[in-house]
Amino acid sequence: MIFSKNTPEMRFISDILRIDLWSKQVEIVNALFEHHYVAVRSGHGVGKTLVSAAIVLTFIATRHPSIAITTAPTYKQVEMILWKHIRDIYEKSLMPQVIGGRMLAMRYELSNNHFAVGLHPDETKPESFQGYHSPNILVILDESPGVSRTLYDASQSLLTTNAYFLQLGNPVGKGDHFYKAFQDPKYYKIHISCFDSPNVSGKEPAIPGLVEKKWIESRKLEWGEDSILWRTKVLGEFPEEDIEYGIPLNWIELAFEGA
């Protein structure tokens, strides 16, 4: 069932959202709706953001009433990346005709108690997670290793009813909440290497925008196969050792994104 494209959620994604997902994205969708707690560690450019956006719209459309909440380490990651995907998918899909609703920059609303919202970190404090109550609730932490432990703990207070919780990211270190999810038996755990990409493996039809062999080869030359960046950003693996750095790796990555 995990890789099936015939589940209700996958049929909604293909028929209404008009998106064709590759096998690892299908696994993420089905695992979340079946197991409720899912953690995804991956390399760069394997389609995590697209599938997260599809999940938000699918959840709101198929659970009544429901609330979906997303956050990420930076404003860019929330509004200009994940929610841009959500807006683009909605506009190109059959949802406006079939489901309706009102789409804003970081909010999709069917009613006052049935909506999805993006909380960007400049405004996201622990109390921002308070006041969201619904029989069905979804929380997505995009690039989860960069989300503060305080906000992670606050998000857990929402998971008291029929809750679904998805963490995705590059595994940049050990000891944080993202690493601990992969030691927690309640999570369905998914690993995606850049080498799994259809554009690299050739096992599935190529998908424009996913990572390709050329990028991997350039990273091999620049970083080397023994580097921590190769291991985390290409292989999607946690560092072999919990090395102490003067500046945490995820801080460095966020600085590059803001440049």
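Residues numbered from 1 in each chain as written. Predicted model: local features only at pLDDT ≥ 70, side-chain atom pairs only at ≥ 80, totals over all residues. Heavy atoms only, no water.

Q: Mind showing me how you'd approach the packing of aromatic side chains here?
A: Two aromatic rings, taken as a pair, are described by how far apart their centres are and by the angle between their planes. Evaluated as defined, the whole model comprises 15 aromatic pairs. Between the aromatic rings of phenylalanine 33 and phenylalanine 59, the centroid separation amounts to 6.4 Å while the plane-to-plane angle is 25°, which identifies the pairing as stacked. A residue pair is termed long-range when its members are at least 10 positions apart, and phenylalanine 33 in helix α2 (residues 23-35) and phenylalanine 59 in helix α3 (residues 48-62) qualify at 26 residues. Of the two residues examined, phenylalanine 33 and phenylalanine 59, each falls in the buried class. Taking the centre distance of 5.5 Å and the plane angle of 70° together, the rings of phenylalanine 182 and phenylalanine 238 count as edge-to-face. With phenylalanine 182 in the loop between α7 (177-181) and β8 (188-192) and phenylalanine 238 in the loop between α10 (228-234) and α11 (249-258), the pair connects residues that are 56 residues apart, well separated along the chain. Here phenylalanine 182 and phenylalanine 238 have matching classes, each one buried. Counting every residue linked through ring pairs, the aromatic cluster contains Tyr37, Tyr152, Phe165 and Tyr187. The lysine or arginine in question, arginine 107, covers the ring of phenylalanine 115, its NZ or CZ lying 4.0 Å from the ring centre. Over the ring of tryptophan 223 we find arginine 219, and its NZ or CZ is 5.2 Å from the ring centre. (Phe/Tyr/Trp six-rings, centres within 6.5 Å; stacked < 30°, edge-to-face > 60°. Helix = DSSP H or I, 4+ residues; strand = E, 2+ residues; numbered from the N terminus. Buried < 20%, exposed > 50% of the residue type's maximum accessible area, 1.4 Å probe, protein only. Lys NZ or Arg CZ within 6 Å of the ring centre and 35° of its normal.)

Q: Honestly, the nonpolar core in this entry has me stumped. Any pointers?
A: Nonpolar side chains in soluble globular proteins generally cluster together in the buried interior. If you look at the biggest cluster of nonpolar residues, it comprises 55 residues, and the most contacted ones within it are Leu17, Ile55, Leu57, Trp83, Met95, Tyr108 and Leu166. By residue number, the principal contributor to this core is α3, which donates nine residues. Excluding residues within four positions of it along the chain, tyrosine 108 makes contact with Leu57, Ile60, Trp83, Tyr90, Met95, Ile99, Gly100, Gly101, Arg102, Met103, Phe115 and Ala116. In this structure, Val117, Tyr152, Leu159 and Tyr187 belong to the second largest nonpolar core, which totals 21 residues. (Core = buried A, V, L, I, M, F, W, Y, C linked by side-chain atoms within 4.5 Å. Contact = heavy atoms within 4.5 Å.)

Q: Sorry, what's going on with the packing of α3 against helix α4 (residues 75-92) here?
A: Describing two packed helices takes the angle between their axes plus the distance from one axis to the other. For the pair α3 and α4, the least separation of the axes is 9 Å and the interaxial angle reads 60°. Accordingly, the angle class assigned to the pair α3 and α4 is oblique. For α3 against α4, the interelement crossing comes out right-handed. Contact residues: Thr49, Leu50, Ser52, Ala53, Ala54, Val56 and Leu57 in α3; Ile81, Leu82, His85, Ile86, Ile89 and Tyr90 in α4. (Axes fitted to C-alpha atoms, helices over the stretch in contact; angles between N-to-C directions. Parallel < 35°, antiparallel > 145°, perpendicular 65-115°, else oblique. Left-handed = near helix turned anticlockwise from the far one by under 90°.)

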